[in-house]
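One-letter residues, chain by chain:
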Amino acid sequence: MKKYILYLSFCSLIFINIINTLEQDFFKNILQNKKSLKHKNLISKNQKNETVESILEKLEQEDTQFVSFTFVNLFGDLKEIIVPFDKAKSAFINGLTFDSSSIPGYFSTEESDMILKPDLSTLRFLPWTSDLHKTAWVICDIYKDRNTLYESDSRYILKKAIKELNLINCKCNIGVELEFFLYKNSEPLDNKKYIDPDEIYSRQQENHIIIHTLKGMGVDVEKFHHEVAPGQYEFSIKYDNALEIADQVIISKYALKVLANQLGYQVIFLPKPIYGKNGSAMHIHYSIYDNLENKNAFYSCDNDYNFSDLGKKFLAGNLSYIKEFSAILNPLINSYKRLVPDFEAPVYICWGLKNRSALFRLPLMHDEPDKAMRIEIRSPDVNCNPYLAFSAIIKTGLKGIKEDLILNKPITQNLFKLDVSKIRDMNIKVLPKNLSQALDVMQDSQMVKDLLTPKGFEEYIKVKRQECANFNSAVTNWELN
């Protein structure tokens, strides 16, 4: 019996050693690739003038084995088709066909064949792959045929919004703060609080690996820290043009899922996974840049708060239409369990200066206000489709400019500490209380219908209505207990 126990112990040690070795190899590969990935990602950012042949030649020189062609559906869910490198040339030149009838938000069965065409500026390597598994990763645009873009592809919707902004010689710069939870064995990873340090050395290494991996995939991480709730973390992505940041959000979520799985954790993007604790948001910081005058169009040294007239009209448009696109910014039933007073989640439709109880705010600028002037919206969560969320911000801001909307005075009080009657007397409206209410408002919105196109609008409403119906008929543990 003792021999048997010793034998089992010996086998267990061997198995643990193998697992540890594989895990070390996984992370070692990321760190080794980090040195060369920097210049590889610069290649992908400068490919506008390169031919497919030259790009394929570089991929071959890097001993690429596979190419992952990806896209998101109307709801921001990532999809993927993997192609062996020796078959990738045709896919790069002619695109890849796929059956869209099986994906919510696309065509019906009788018109289901659609084409993926890679956007070469998004090409990068997956840093955890090497040798026989080395994989290049690219985001695709969706076409109905070889020459016709699919009008309800969310990435194309954002491109159209950007083009509309270009008509007034401006572009939109966006940065995001992305929050998420890490769980282990169905429990939060830790009990730490806001920006607490991690004294466990292995956990420090894991945090560094996450940052290295994101940066290795071209995500410009500015900072990373623990958030308020147990097991909750946040990292900030430095501002860039709207399309680039939307791509980086998709890349970040994908990378976090892979890394968490390898670490033996679960990454939780659910907005409100823990009752009574803060939920997770994706705060969006945005500004408009004047291409003709080469300056931040939201800044004016002559105006109150250094906030320009154009910026005020843009924000007035966002405030006026926010309820109509709440179902885009907060697309889950669970999203509205986060959007309740307190817990640092804003529900009151107003704006303020440095005021975190307001839905929109002008953050504190430590230096260079002429460059740093921006608006922050605090209601979105990471489950939103970033292409649609950024499109809605741009489109409603433009409506504020075109309709010459007037911005109300900023709110200075902490709204979480005021009585509801007092807030009502201040004529401050609130966000929808649940997804069903948000869909009711969205259903009557011509603005959102124009944004999503009739096909996308119809499909978005239909799928989300069905989610509400399923939830309403479900029996929950709360009811049983």
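Going by the structure above, here's the rest.
Here is what the cut-offs are and how they apply
- Residues numbered from 1 in each chain as written.
- Predicted model: local features only at pLDDT ≥ 70, side-chain atom pairs only at ≥ 80, totals over all residues.
- Heavy atoms only, no water.
- Helix = DSSP H or I, 4+ residues; strand = E, 2+ residues; numbered from the N terminus.
- Buried < 20%, exposed > 50% of the residue type's maximum accessible area, 1.4 Å probe, protein only.
- Phe/Tyr/Trp six-rings, centres within 6.5 Å; stacked < 30°, edge-to-face > 60°.
- Lys NZ or Arg CZ within 6 Å of the ring centre and 35° of its normal.
- Pairing = 2+ DSSP bridges.
- Core = buried A, V, L, I, M, F, W, Y, C linked by side-chain atoms within 4.5 Å.
- Contact = heavy atoms within 4.5 Å.
- Arc of directions from axis to C-beta.
- Polar contact = N/O pair within 3.5 Å; in protein donor to acceptor, adjacent residues only side chain to side chain.
- Salt bridge = Lys/Arg side-chain N within 4 Å of Asp/Glu carboxyl O.

Asker: Mind showing me how you'd approach unusual backbone geometry here?
Answerer: Glycine aside, residues mostly have negative phi angles, and peptide bonds mostly take the trans form. Positive phi, close to 55°, is recorded for Asp404, a residue that is not glycine. You can see Asp404 is positioned in the loop between α11 (386-402) and α12 (420-425). Residue classification places Asp404 among the partly exposed residues on the basis of a relative accessible area of 46%. Phi at Thr453 is positive, roughly 75°, even though this residue is not glycine. Residue placement: Thr453 occurs in helix α14 (residues 446-473). Exposure remark for Thr453: the relative accessible area of 8% places this residue in the buried category.

Asker: Quick question: what am I supposed to make of the packing of aromatic side chains here?
Answerer: Geometrically, a pair of aromatic rings is defined through the distance of the ring centres and the angle of the planes. Overall, the coordinates contain 14 aromatic pairs when judged by the stated rule. Centre to centre, the rings of Trp128 and Tyr254 are 5.9 Å apart; their planes meet at 55°, and the pair counts as tilted. Residue Trp128 is located in the loop between β5 (124-125) and β6 (135-143), and its partner Tyr254 is located in helix α6 (residues 242-263); the two are separated by 126 residues in the primary sequence. The exposure classification of Trp128 matches that of Tyr254, with both residues buried. Residues Phe307 and Trp351 carry aromatic rings whose centres are separated by 6.0 Å and whose planes lie at 50° to one another, so their mutual orientation is tilted. On the criterion of sequence distance, the pair formed by Phe307 in the loop between β13 (295-296) and α7 (309-321) and Trp351 in strand β15 (residues 351-353) is long-range, its members being 44 residues apart. The exposure classification of Phe307 matches that of Trp351, with both residues buried. Through pairs of rings, three or more aromatic residues link up here, namely Tyr286, Phe298, Tyr305, Phe307, Phe314 and Trp351. A cation sits over an aromatic face here: Lys117 above Tyr143, 4.5 Å from the ring centre. One Lys or Arg, Lys253, reaches over the ring of Phe269 and ends 5.4 Å from the middle of that ring.

Asker: Would you mind going over the pairing of strand β1 (residues 66-72) with me for this structure?
Answerer: On a regular strand, one side chain projects to one face of the sheet and the next to the other, so that they alternate. Within β1, six of the seven residues are buried, leaving the element largely enclosed by the surrounding structure. Direction of pairing for β1 relative to β6: parallel, over a ladder of five bridges. Note on β6: the bridge partner recorded for Phe66 is Thr135. Across seven bridges, β1 lies against strand β2 (residues 78-84) in antiparallel orientation. If you follow Val72 over to β2, its bridge partner there is Leu78. Hairpin connection between β1 and β2: a loop of five residues separates the two successive antiparallel strands, and Gly76 in this loop has a positive phi of roughly 85°.

Asker: Looking at this model, I keep getting lost on the nonpolar core. Mind explaining?
Answerer: Judged by nonpolar contacts, the single largest core of 108 residues is most densely connected at Phe180, Tyr286, Phe360, Phe390, Met442 and Leu452. Ranked by residue count, the leading element in this core is α6, at 13 residues. Apart from residues no more than four positions distant in its own chain, Phe390 is found in contact with Leu158, Ile174, Val176, Ala242, Ile245, Ala246 and Ile284. Within the second largest apolar cluster, 25 residues are counted, among which are Ala88, Phe92, Phe125 and Tyr150.

Asker: Teacher, can you tell me more about helix α2 (residues 52-61) here?
Answerer: Spacing of three or four residues puts side chains on the same side of an α-helix, whose turn is 3.6 residues. By the burial criterion, the buried members of α2 are Val52, Ile55, Leu56 and Leu59. Axial view of α2: buried residues confined to an arc of 100°, hence all on one face. Here the buried face of α2 lies against α3 (88-94), β5 and β6. Where α2 terminates, the next one or two residues include Asp63, which has phi positive at roughly 60°.

Asker: Which parts of the structure should I look at to understand helix α13 (residues 435-443)?
Answerer: Among the residues of α13, those classed as buried are Leu435, Ala438, Leu439 and Met442. Taken down its axis, α13 places every buried residue within 100° of arc, on the same side. Where α13 is buried, its residues touch α8 (326-329), α9 (335-338) and α14. The N-cap residue of α13 is Asn434: its side-chain oxygen and the backbone nitrogen of Ser436 are 3.2 Å apart.

Asker: Explain the side chain of Thr122 here, please?
Answerer: As for its placement among the helices and strands, Thr122 is situated in the loop between β4 (113-118) and β5. Here the side chain of Thr122 touches Asp119 through a polar contact of 2.7 Å, landing on its backbone oxygen. In contact with Thr122, other than residues within four places in its own chain, are Trp137, Val138, Ile139, Arg155 and Asp247.

Asker: Even after reading the chapter, I still don't get the pattern of salt bridges, so can you show me in this structure?
Answerer: Pairing is possible between side chains that carry opposite charge, provided their charged atoms lie close to one another. Taken as a whole and assessed by the stated rule, the structure comprises 21 salt bridges. Here Lys159 ties to Asp141 by a salt bridge, and the two come within 2.9 Å at their closest N and O atoms. Of this pair, Lys159 sits in helix α4 (residues 154-166) while Asp141 sits in strand β6; the two residues are 18 residues apart in sequence, bridging distant segments of the chain. In this structure, Lys464 engages Glu467 in a salt bridge whose closest nitrogen and oxygen atoms are separated by 3.3 Å. Taken as a pair, Lys464 and Glu467 lie in helix α14 at a separation of three residues, close to a single helical turn. Here Glu467 falls in the partly exposed class, since its relative accessible area comes to 28%.

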